Amino acid sequence: MEVSLFHAALQGLLNIVQLKVFLAMLVGVSIGTFTAVAPQGLGMPLVYAILLPVVIKWEPLTGIALLIGASAVSAICAAYLPVLFGIPGGSGSQATVVDGYPMGKRGEARRALGASFMAGGMGCVIGTLTLLVALPAARPLIYLMGSPELFVVMLWGLSMVAVLAGRRPIKGLIATAFGLLLAMVGQQAQSGIMRFVFDQPYLLDGIAVSIIALALFGIPSALDLALTRLGVEQQPAPLRGSLIDGAKDTLREWWLVVRCSFVGVWVGIVPGLGSQVVDWLAYGHAAQSCKGAKESFGKGDVRGVIAPESANDAKDGGDLITTLLLGFPQGVVTALFIVALLAWGFVPGPEMVKKNADLIYSIIWIQGIAGIIGTLVGFVLAKELARLAGLRYSFMVPILFIFILLGAFSVNRDPVDLLVVVCFGILGYFMKRFGYPRPAMILGLVLGDLMEKYLYRSMASYGFSWLTRPGVILLLVVTVVSFVFTLRGRLVRKTEAGSLSGGAIARAEDDR
Amino acid sequence: MASLRDRLFKVSPALGVLWICLSPASVFSQAPFFQGKTITVMQGRDPGGTGDLRARAVISFVQKYIPGNPTMINEYMPGGGGRKATNHIYRSVRPDGLTIGNMSSAMVSLALLGESGVQYDIDKFFYLGSPYSTYHAVFISRKEAGLSGIEKLRAASGIRIGAQSVGFSTYNEARLFAYLLGLKEPKFIPAYSGAELDPALMRGEIDARATGADTVEQRNREWLEKGLVDFHAIMEVPKGDKHQRLGHLPEIEGFARSDKERKVVALARAFRVAGTPFFLPPGTPKDRVRVLQEAFRKAYKDPEFYKEYKKLTGDAPTPLLPEDHEKAIREIPREPEVAELYKKLVGAGPLPPR
């Protein structure tokens with residue numbers, strides 16, 4: 001029986017006011033928190049695969065509370081690695097390292113963590129509210145963004161990097177180009193041709209972005225500690241900033257949180273974009289739009305932490321829109337969630353919206369409440385986790401290397417990954433030393449594969465006529481305007497300052 | 001009499017020892033071998049996907065049917081469409097019955113088509129069956145493309161057919177459908193992910209695609225109810241197994257014009273029938289193979305397995321028993337010209353002329 005969505009939303013909320021549902025949510029939050037703070041390898045897909053046979057025997061709402069509780073929280077608490085150790089977190093938390101780690105080194109680890117958890121929590125809530133409001137109308141949006149529009153969005157993302165490299169535009173372009181080249185390794189999806197594989201089975205699927213990111217950022221950070229013989233936070237300057245300061249920063253930058261959360265929701269909604277781009281797109285947007293970002297981003301600007309973290313957590317809301325509304329999984333976790341729903345007798349998609357609207361809204365409410373609880377848990381843990389930044393280098397360096405190697409091995413469980421991480425770690429060290437922006441390379445790697453795919457599909461489906469699509473024209477105009485605007489701003493500052501104004505990422509690379 | 005009894009009494013230990021030496025199997029049963037041991041199920045995929053769930057559903061039942069109730073654990077080795085893990089099992093794993101492989105059906109097709117990176121021989125494995133072996137591929141087009149009926153489909157030129165990557169089953173099946181249905185210069189557009197194909201079809205970015213009949217029923221009921229797509233043909237795996245709702249569609253083999261084309265369809269069916277095979281490496285002692293095959297057989301026939309599998313994966317299991325699995329692998333058409341035609345059909349170039 002179809003009911004009004006307002007009544008369904010209300011009923012959905014009432015349905016979850018049960019002790020066992022709340023307890024299941026708390027257990028899920030605990031599991032999600034543990035997954036976030038444990039060494040890489042125990043990802044959400046594996047957790048879901050282990051939990052699924054158990055929870056499908058439970059009542060649906062209780063099982064849903066556990067599963068959603070776990071996944072809603074794992075992204076919120078994932079910022080401690082980038083902030084404390086300079087190691088990129090999971091997909092969606094890589095860009096946090098650009099400003100989070102400098103904050104940690106400057107004695108502001110607590111502030112950075114406070115900002116990340118608050119931003120994550122707010123992002124989760126905004127994502128949930130968007131889900132709440134947009135559910136009835138999200139389908140047209142999903143169908144609006146085709147391959148041509150997505151190609152232009154990727155182009156916009158790529159243009160951000162070229163601009164953000166600022167002080168060293170040529171080096172930024174070289175780094176991006178190298179990332180694009182690396183993206184070509186492996187079997188090309190549209191032709192089946194093996195590129196740069198050299199008959200090595202290891203290279204058939206390309207090199208995992210997470211391994212390269214881990215190596216490029218993690219090993220130079222660890223070497224940095226070893227060579228300077230200081231802990232992360234052992235600086236001449238006294239420790240400053242607190243968790244509350246970080247939370248206040250986030251509340252002050254509420255408009256940035258909202259904008260980046262919408263970026264996250266949108267990435268979550270559009271099938272195929274993936275979580276690897278969400279944080280970079282948000283970071284790039286913040287770097288282009290925030291006042292003074294050109295000078296401060298990359299040096300430990302808290303906005304450089306707020307932007308990616310809010311987007312990363314809002315993305316889950318977008319994922320759920322596509323999963324619940326259309327029955328399309330956006331990744332392994334949502335695919336498994338669909339399996340659970342099917343086991344309980346619910347079929348995600350338009351049917352579920354019509355017949356089980358209250359259940360859908362229960363899922364949405366659980367998502368939002370779990371996000372708030374996860375934020376609180378993050379704050380409780382952050383104080384203790386932040387102490388790690390004060391440990392001596394002789395203790396931290398071996399632990400960092402273990403984390404890095406464990407994280408790399410856990411991706412494919414292939415010993416060759418350890419060799420790859422060492423090679424790219426050395427590359428990352430020299431890139432940092434000679435001022436080649438590493439984030440530019442990562443963005444080239446992440447966007448390269450997507451851009452090639454979208455361009456190919458656009459040409460194959462439409463020929464050149466895709467360039468005349470209204471959405472494409474609009475997005476191209478936005479891309480060109482933002483590019484020109486940012487360049488113009490650089491030129492003006494160059495004239496005023498009488499010296500090159502550095503870009504965010506180039507500054508991060510100067511930080512030795 | 002006493003002396004005979006005495007003699008028998010004296011001789012009997014020697015007779016006993018002789019009996020033990022001549023028939024050790026009846027005395028030293030293989031059952032204790034698996035007792036206290038750990039069996040590793042090596043999956044050629046990432047953890048957490050549907051393949052992983054299928055494997056877990058089977059393993060939880062197999063475990064109780066292996067004498068000695070060994071511990072069974074999962075390991076994951078993704079890469080190369082299963083090539084990395086299968087190569088590893090074939091070449092590096094000790095063949096003692098304590099490592100079982102589980103891959104997608106691509107393990108079979110990659111080997112038979114001579115793809116690069118394959119370092120194993122599918123005929124040398126010992127097969128333990130598969131939890132599913134039934135599949136119904138359908139070829140559909142969006143209603144707005146106006147391609148209702150085979151004649152309109154054949155008359156249109158340049159139909160845009162979307163698929164996942166080259167070599168993926170939806171791509172292979174789409175190419176097969178297009179070839180046998182006689183489409184005019186179809187344009188194949190691979191490189192979509194699973195989640196992108198249906199929106200692309202509804203958006204009009206592609207005109208047609210191949211997909212599973214069960215997938216349409218589960219995920220796209222709206223298409224069926226509102227008539228948003230036209231269904232053109234079906235490929236039954238195994239042949240003759242009618243789909244409950246779409247079984248009325250013309251079977252693709254009916255469009256074949258020659259024996260060679262019929263064999264290509266049989267080859268495509270055979271690749272699908274392989275399901276997600278469980279297997280043991282070459283050299284595994286035969287008695288341990290028999291024990292494990294019997295355990296898998298019992299698991300597949302367990303009524304509780306049916307319920308649990310459906311609950312966990314959303315699909316009803318259609319298990320292939322170990323002996324049927326080995327038979328299916330043996331009976332895959334191996335004629336070079338059939339494989340050659342199949343390779344051209346599933347390649348990235350234009351479809352070969354008929």
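None of these values were measured; they are calculated from a predicted model.

S.K.: How should I be thinking about the overall build of chain A in this particular structure?
M.R.: For chain A, the helix and strand inventory stands at 24 helices and two strands. Of all 512 residues assigned to chain A, the portion counted as buried reaches 61%. Excluding contacts between residues fewer than 6 apart, the proportion of contacts in chain A whose partners are at least 24 apart in sequence is 81%.

S.K.: Just to check I follow, could you spell out helix H1 (residues 5–15) of chain A for this structure?
M.R.: Residue and element names in this part refer to chain A. Regarding H1, the residues found buried are Ala8, Ala9 and Gly12. Buried residues of H1, viewed axially, fall in a sector of 100°; they line one side. Those residues of H1 that are exposed and angled more than 90 degrees off the buried face are Phe6 and His7.

S.K.: I tried to follow the sheet that holds strand E4 (residues 126–127) of chain B on my own but got confused; where do I start?
M.R.: Sheet strands pair via backbone hydrogen bonds, and the direction of the pair is either parallel or antiparallel. Residues and elements named next belong to chain B. Sheet architecture is open: five strands sit in the order E2-E1-E3-E10-E4, paired in mixed fashion. The sheet is open, and its two borders are formed by strand E2 (71–76) and E4, each paired with just one other strand. As judged from the two bridges shared by E4 and strand E10 (residues 278–280), these two strands associate in the antiparallel manner. Bridge pairing links Tyr127 to Phe279 in E10. Its contacts with the sheet put helix H5 (residues 83–91) on strand E1 (38–43) and strand E3 (99–102), and the angle it makes with E3 is roughly 150°.

S.K.: Looking at this model, I keep getting lost on the interface of chain B and chain A. Mind explaining?
M.R.: Interface size is commonly expressed as the accessible surface area that is lost when the partners come together. Contacts between the two partners involve 44 residues from chain B and, on the opposite side, 42 residues from chain A. Among the elements that make up the side of chain B that touches chain A, the one with the highest residue count is helix H9 (residues 194–203) of chain B (six residues).

S.K.: How do you make sense of the domain arrangement of chain B when you look at a structure like this?
M.R.: Taken domain by domain, chain B holds domain 1 (31–133 + 274–320) and domain 2 (135–271). The distance between the C-alpha centroids of domain 1 of chain B and domain 2 of chain B comes to 30 Å.

S.K.: Help me understand the nonpolar core, please; the structure alone is not making it clear to me.
M.R.: In a soluble, globular protein the nonpolar side chains are often hidden away together inside. A:Ala65, A:Leu336 and A:Ile366 are the most contacted members of the largest nonpolar core, which has 257 residues in total. Broken down by element, this core gets its largest block of residues, 13 residues, from helix H19 (residues 357–386) of chain A. Two domains each put at least three residues into this core: domain 1 (31–133 + 274–320) and domain 2 (135–271) of chain B. For A:Ile366, the residues in contact, after removing those within four places along its chain, are A:Ile16, A:Met25, A:Ile64, A:Ala65, A:Ile68 and A:Gly69.

S.K.: What should I look at first to understand the sheet that holds strand E7 (residues 187–189) of chain B in this one?
M.R.: Residues and elements named next belong to chain B. On the basis of which strands lie adjacent, the open sheet formed by five strands has the order E7-E6-E8-E5-E9 and mixed pairing. Bordering the open sheet on either side are E7 and strand E9 (229–237), each of which pairs with just one other strand. Across the sheet, the mean angle separating the axes of adjacent strands is 25° when strand polarity is ignored. When strand E6 (residues 160–162) meets E7, the two strands line up parallel, connected through three bridges.

S.K.: Hey, could you run me through the environment of A:Val257 in this one?
M.R.: All names here are of chain A. Its place among the elements puts Val257 in helix H13 (residues 254–269). With 27 C-beta atoms packed within 10 Å, Val257 lands in the buried category. In sequence terms Val257 and Ile64 are 193 residues apart; their C-alpha atoms lie 28 Å from each other. Apart from residues no more than four positions distant in its own chain, Val257 is found in contact with Ala119, Met122, Gly123, Thr250, Ile306 and Ser310.

S.K.: What's the story with helix H22 (residues 438–462) of chain A in this structure? I'm lost.
M.R.: Because an α-helix packs 3.6 residues into every turn, residues spaced three or four apart end up facing the same way. All names here are of chain A. Under the 1.5 Å per step criterion, the end-to-end length of H22 is 35 Å for 25 residues, consistent within 8% with the ideal 36 Å. At Leu447, H22 shows its largest bend, some 35°. Positive backbone phi, at 65°, marks Gly463, one or two positions downstream of H22.

S.K.: Would you mind showing me how to read the packing of helix H12 (residues 259–273) of chain B against helix H16 (residues 336–346) of chain B here?
M.R.: When two helices pack together, their arrangement is given by the angle between their axes and by how far apart the axes lie. Residue and element names in this part refer to chain B. Two elements in contact, H12 and H16, have axes whose closest approach is 9 Å; the angle formed by their N-to-C orientations is 70°. One finds that H12 runs roughly perpendicular with respect to H16. Side by side, H12 and H16 meet where Lys260, Lys263, Val264 and Leu267 of the first sit next to Glu337, Val338, Leu341, Tyr342 and Leu345 of the second.

S.K.: Is there a simple way to explain the confidence of the model for chain B in this structure?
M.R.: Residue and element names in this part refer to chain B. When the pLDDT values of chain B are averaged, the result is 87; 91% of them are 70 or greater. When mean pLDDT is compared element by element in chain B, E10 scores highest at 97, while helix H2 (residues 24–27) scores lowest at 45. A low-confidence stretch, residues 23–30 (pLDDT under 50), is modelled with four contacts involving residues beyond four sequence positions or located in other chains. The ipTM assigned to the predicted complex is 0.80, against a pTM of 0.79.

S.K.: Honestly, the packing of H13(A) against helix H16 (residues 303–326) of chain A in this entry has me stumped. Any pointers?
M.R.: Residue and element names in this part refer to chain A. It is the contact of H13 with H16, at a shortest axis distance of 6 Å, that shows an interaxial angle of 40°. Taken together, the axes of H13 and H16 are oblique relative to one another. Viewed along their axes, H13 and H16 form a crossing whose handedness is right-handed. Counted by class, the contact of H13 with H16 contains 13 nonpolar, eight polar and five charged residues.

S.K.: What is the right way to look at the pairing of E9(B) in this model?
M.R.: Residue and element names in this part refer to chain B. When you tally the buried positions in E9, you get seven out of nine residues, the bulk of the element. Where strand E5 (residues 135–142) lies against E9, eight bridges are found, and the strand directions are antiparallel. Within E9, the position partnered with Ala137 by the bridge is Met235.

S.K.: Would you mind going over unusual backbone geometry with me for this structure?
M.R.: What is expected of a backbone is that most residues other than glycine have negative phi and most peptide bonds are trans. Between B:Val237 and the following residue, B:Pro238, the backbone shows a cis peptide bond with an omega angle of -5°. Within the secondary structure layout, B:Pro238 lies in the loop between E9 and H12. Residues other than glycine seldom take positive phi values, yet A:Phe198 does so here, at roughly 55°. Position of A:Phe198 among the secondary structure elements: in the loop between strand E2 (194–195) and helix H11 (209–228). Look at A:Phe198 and you get exposed, because 8 C-beta atoms sit within 10 Å. Notably, A:Asp199 is not glycine yet its phi reads approximately 60°, a positive angle.

Each value, and the rule that gives it
- Residues numbered from 1 in each chain as written.
- Chains lettered and ligands numbered in written order.
- Predicted model: local features only at pLDDT ≥ 70, side-chain atom pairs only at ≥ 80, totals over all residues.
- Helix = DSSP H or I, 4+ residues; strand = E, 2+ residues; numbered from the N terminus.
- Buried ≥ 20, exposed ≤ 12 C-beta atoms within 10 Å, placed from the backbone.
- Contact = placed C-beta atoms within 7 Å.
- Arc of directions from axis to C-beta.
- Pairing = 2+ DSSP bridges.
- Axes fitted to C-alpha atoms, helices over the stretch in contact; angles between N-to-C directions.
- Domains from an automatic or database assignment.
- Core = buried A, V, L, I, M, F, W, Y, C linked by C-beta atoms within 7 Å.
- Expected span 1.5 Å × (residues − 1).
- Bend = angle between axes of the 7 residues up to and from the residue.
- Parallel < 35°, antiparallel > 145°, perpendicular 65-115°, else oblique.
- pLDDT = per-residue confidence, 0-100.
- Left-handed = near helix turned anticlockwise from the far one by under 90°.
- Nonpolar A, V, L, I, M, F, W, Y, C, P; charged D, E, K, R; others polar.

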